[in-house]
Amino acid sequence: MELNSNEPSGPLEERWTKHRDHGKLVNPSNRRNYTVIVVGSGLAGGAGAASLGEMGYNVKCFAFQDSPRRAHSIAAQGGINAAKNYPNDGDSVWRLFYDTLKGGDFRGRESNTWRLAEISNGIIDQCVAQGVPFAREYGGLLANRSFGGAQVSRTFYARGQTGQQLLIGAYQALERQIGAGTVEMHTRSEMLELIIVDGVARGIVTRNLVSGEIEAHVADCVVLATGGYGNVFYLSTNAKGSNCTAAWRAHRQGAAFANPCFTQIHPTCIPQAGEHQSKLTLMSESLRNDGRIWVPKKKEDVTKKPSEIPEEDRYYYLEERYPAFGNLVPRDVASRNAKYVCDDGLGVGPEVAGQRRGVYLDFADAIERLGQKEVEDRYGNLFEMYERITGENPYEVPMRIYPASHYTMGGLWVDYNLMTTIPGLFAAGEANFSDHGANRLGASALMQGLSDGYFVLPFTVGNYLGTVRELPKVELDHPEVKGAMERVTTRIDKLLNAPKPSKTADEFHRELGALIWDKCGMSRNEAGLKEALEKIPEIRERFWEQIKVPGTGEMFNQTLERAGRVADFMELAELLCIDALNREESCGAHFREEHRSEDGKEAKRDDENFQYVAAWEFSGDVSKPTLHKEPLVFERLKPSTRSYK
């Protein structure tokens, strides 16, 4: 396997323009002769399918939800970044590029990161033209607020519903193309296998989640825009349906999986209330603009009401440790510090499994400074959601928050064109690894999804099709198509006919997630990772022996759906730990306890030995993947020690 990033040469600022100027094109009248499959209908998939349909390609878009509007992109809250510099506070494309690369601890590809920053301004123009109701200042200009990892206000938002409003924009564009006949929408269809013919991605196998029918679909190329794998931890802020199956099926067919250990823990989530929970709830990072984070200074005060703790007995730990950024440090820094104070016995809230895992996010100062009406205008729906879940009014008492699994920076390896190591297979949005390095800054997920969907894929897919020109026709009776369908039916039969069925998929998933969170969550160490790598194969073996799936495959069967997804998490979890064990450094969200600064609080990178993308190839044995390395070369921004103090 060769890893060729296919980055253009020349000045960084000119690479994307140069690449487009010299790419291959498909004549508008010829585009109707090509079919493109897009798996996923969130921001990357929905925007990509709509854009390709608008250009004249025949697009087949697949989603396991009953509507594209139910994609997990809808759950994003706080905003989307762009370098428009409306507040006139010094922002620029260069500064957004710098913050993103630095925020990722210099483990992202320089060319891709620059392109993301460069395209950002066009995203806002596109969305405003679609009617996305961004917040506006009194004079009518679009409003901005701050997010972690930046000292400028560059985040555009629609209260705490930015993901929903952006997805509706992409959805209406997609529906327009469905109505025009250029996009064929397949809802309640889950991709379970990739079809490869002569080494090239030519289609997918899906299961109709209503009827159970196994179907094959062929095309000239395939785009995966299926999100991340954060649900490997079981408890996460992701929608319960979010999974890794499409990406993992592609990986097993030859697509390299890059940096799987780079998993982001979001610092601002509602703490776990008990062992019964099946998911966690995100509270937008935008709340850190006006909320102040603190814990009691004294252990004996953790059971007191926050109103009973005087100001002098409160520990505003982020403001004290990181005065330059305060509560707006990047997510990995904020998450680790919350863990530290709770480990020191200063956590607040109810005990869960013998520990108090919570810190206060207090809006009392903001309400006094701005007035409750202004705070309500900025965050009202978030406050309402918090009160509905916890029964506590955040206007009157501080919120309680704690880190939770949220986003994954790792994903399928892609080159500058977003193509994986399988020709004809593209990966977009959170499904690829390319833009964020070892840590994603807040409000950059929506930016990447729409950048890939609206601006990158329409060119790079056309460039690919213009290069290959005419591909051999593939019929549904082709041996490779039949073989892919047989692999799917064989796997379903295996799930339905375990030798000793006795446990549900959720029981196995909860067990796996607890292990991964404990050994490969906010912090990792060699002993814990080796322990996990001993236990995961044992859990996986029990899974295939004891998984209980009632019913059949030829019917509506959500138990079967969940079992298949958990089976893939069982394999991905092992690769995640293998990658974490291999990366003998701390960088961004990957915090190896053996590699930290002298004060023990910060990540300590090893640029001499680990300045590369770890791209893992499936070897046929899930426990013995093959490592390939893409060296990271920084021409414009030399790696430096990341400091937010």
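For clarity, every value in this text was computed on a predicted model and none was experimentally measured. (Residues numbered from 1 in each chain as written. Predicted model: local features only at pLDDT ≥ 70, side-chain atom pairs only at ≥ 80, totals over all residues. Heavy atoms only, no water.)

## With respect to the packing of helix α13 (residues 505–520) against helix α14 (residues 526–546)
Which entries qualify depends on this criterion: To obtain each axis, a line is fitted to C-alpha atoms, and for helices this fit is confined to the stretch in contact; angles are then taken between N-to-C directions over 0 to 180 degrees. Going along the chain from the N terminus, every DSSP run of H or I of four or more residues is numbered as a helix, and every run of E of two or more is numbered as a strand. Small angles under 35 degrees read as roughly parallel and large ones over 145 as roughly antiparallel, with 65 to 115 read as roughly perpendicular and the rest as oblique. Should any heavy atoms of two residues lie within 4.5 Å, those residues are considered in contact. Here the term charged refers only to Asp, Glu, Lys and Arg, the term nonpolar to Ala, Val, Leu, Ile, Met, Phe, Trp, Tyr, Cys and Pro, and the term polar to all other amino acids, Gly among them.
Taken N-terminus to C-terminus, the directions of α13 and α14 make an angle of 175°; their axes are 10 Å apart at the nearest point. Put simply, α13 runs roughly antiparallel to α14. Judged by residue contacts, F508, E511, L512, L515, I516, K519 and C520 of α13 engage G528, L529, E531, A532, K535, I536, I539, R542, F543 and Q546 from α14. In terms of residue class, the contact of α13 with α14 is made up of ten nonpolar, two polar and five charged.

## Let's talk about the layout of surface pockets
We apply this condition: Only protein atoms enter the 1 Å grid used here, on which a cavity is any set of points holding a 1.4 Å probe that cannot leave and a pocket is any open set flanked by protein within 12 Å on both sides along at least five of seven lines; residues with an atom within 4 Å of a point are listed as lining. Grid points are joined across faces, edges and corners, and a volume is the space filled by probe spheres set on the points. Segmentation of the chain into domains, including their bounds, is taken from an automatic or database domain assignment.
The calculated volume of the second largest pocket comes to roughly 870 Å³. Along its surface, the second largest pocket is lined by 34 residues, and Q272, Q355, A514, W517 and D518 are the ones closest to its centre. Secondary structure elements with two or more residues in the lining of the second largest pocket: β17 (399–408) and α13. Taken together, the residues of the lining of the second largest pocket break down into 16 nonpolar, nine polar and nine charged. Structurally, the lining of the second largest pocket is a two-domain feature, drawing no fewer than three residues from each of domain 1 (266–405) and domain 2 (479–631).

## A short note on the pattern of salt bridges
Where we set the bar: Here, a salt bridge means any side-chain nitrogen of Lys or Arg that lies within 4 Å of a carboxyl oxygen of Asp or Glu. Each residue gets one of three labels from its accessible area relative to the maximum for its type: buried under 20%, exposed over 50%, partly exposed in between, using a 1.4 Å probe on protein chains only.
Throughout the structure, instances matching the rule amount to 52 salt bridges. Across the salt bridge formed by E538 and R542, the nearest N and O atoms sit 2.4 Å from each other. Of this pair, E538 and R542 are both found in helix α14, four residues apart, which corresponds to roughly one turn of the helix. A relative accessible area of 37% means that E538 is categorised as partly exposed. The partner of E574 in a salt bridge is R540, and the shortest N-O contact between them spans 2.8 Å. With E574 in helix α15 (residues 558–582) and R540 in helix α14, this pair connects stretches of sequence that are 34 residues apart.

## Re the packing of aromatic side chains
Short version of the rule: Two rings belonging to Phe, Tyr or Trp (six-membered ring only in the last case) form a pair when the distance between their centres is within 6.5 Å. Interplanar angles under 30 degrees mark stacking, angles over 60 mark edge-to-face geometry, and anything in between is tilted. Counting as a charge over the ring demands two things of the Lys NZ or Arg CZ atom: a distance within 6 Å of the ring centre and an angle within 35 degrees of the ring normal.
Scanning the model with the defined rule gives 24 aromatic pairs in all. Measuring from centroid to centroid gives 6.1 Å for F106 and F634, while their planes differ by 85°, and the two rings are edge-to-face. Of this pair, F106 sits in the loop between α3 (93–103) and α4 (110–130) while F634 is found in the segment after β21 (626–631), placing the two residues 528 residues apart along the sequence. The exposure class assigned to F106 is buried, which follows from its relative accessible area of 1%. For the pair Y454 and F455, a centre-to-centre distance of 6.4 Å together with 80° between the ring planes defines the contact as edge-to-face. Taking the relative accessible area as the measure of exposure, F455 reaches 27% and is therefore partly exposed. Feature note: the residues F363, Y379, F383 and Y395 constitute an aromatic cluster, connected by ring pairs. Sitting over the face of the ring of Y234, K240 holds its NZ or CZ atom 4.2 Å from the ring centroid. Just above the ring of Y612 sits the side chain of R583; from NZ or CZ to the centre is 5.1 Å.

## Considerations on empty space enclosed by the protein
Following the criterion strictly, the structure yields five cavities of 30 Å³ or more and no others. Forming the walls of the largest cavity are 13 residues, and the residues nearest its centre are G227, G228, Y229, A247 and F257. Grouping the amino acids of the lining of the largest cavity by side-chain chemistry returns seven nonpolar, five polar and one charged. Taken as a whole, the second largest cavity encloses approximately 50 Å³ of empty space. Around the second largest cavity, the lining residues are I265, D332, S335, R336, M522 and A589. Of the residues forming the lining of the second largest cavity, the biggest block, three residues, is contributed by helix α8 (residues 331–343). Residue classes in the lining of the second largest cavity are distributed as three nonpolar, one polar and two charged.

## As for the packing of helix α12 (residues 479–496) against α15
Interaxial distance between α12 and α15 falls to 10 Å at its minimum, and their mutual angle equals 105°. Compared by their axis directions, α12 and α15 come out roughly perpendicular. For the pair α12 and α15, contact is made by R491, I492, L495 and L496 and by L560, A563, G564, A567 and D568, respectively. Counted by class, the contact of α12 with α15 contains six nonpolar, one polar and two charged residues.

## Things to note about the sheet that holds strand β6 (residues 189–197)
What counts here: Between any two strands, pairing holds if DSSP finds at least two bridges.
Strand order in the open sheet formed by three strands is β6-β7-β8, and the pairing between neighbours is antiparallel. The outermost strands of the open sheet, each flanked by one partner alone, are β6 and β8 (214–218). Across the sheet, the mean angle separating the axes of adjacent strands is 25° when strand polarity is ignored. Bridge analysis of strand β7 (residues 200–208) against β8 gives five bridges, and the strand direction is antiparallel. Within β8, the position partnered with V205 by the bridge is A216. Contacting β6, β7 and β8, α12 runs over the sheet at an angle of about 140° to β6.

## What about the side chain of H628?
In plain terms, the rule: The term polar contact refers here to a pair of N or O atoms within 3.5 Å; inside protein, the definition further demands a hydrogen-donor-capable atom paired with an acceptor-capable atom, and it admits residues adjacent in sequence only when both atoms are side-chain atoms.
Its location among the elements puts H628 in strand β21. Since its relative accessible area comes to 15%, H628 is described here as buried. Within polar-contact distance, the side chain of H628 engages the side chain of E617 at 2.7 Å. Other than its neighbours up to four places away in sequence, H628 contacts M1, L3, V613, A614, A615 and E617.

## Notes on unusual backbone geometry
Among all residues save glycine, negative phi is the norm, and among peptide bonds the norm is trans. In this structure, D198 is a non-glycine residue whose phi angle is positive, near 55°. In this structure, D198 sits in the loop between β6 and β7. Notably, A443 is not glycine yet its phi reads approximately 70°, a positive angle. Of note, A443 is situated in the loop between β19 (425–427) and α11 (445–468). With relative accessibility at 5%, the residue A443 sits in the buried group.

## A few points about α11
Our working definition: Given a residue, its bend is the angle between the two axes fitted to the seven residues that end at it and to the seven that start from it.
By the largest-angle criterion, V456 marks the main kink of α11, which is about 55°, and a proline, P458, follows within four residues. Among the 24 residues of α11, 20 are classified as buried, and the element is accordingly described as predominantly covered. Looking one or two residues past α11, R469 carries a phi angle of roughly 60°, positive in sign.

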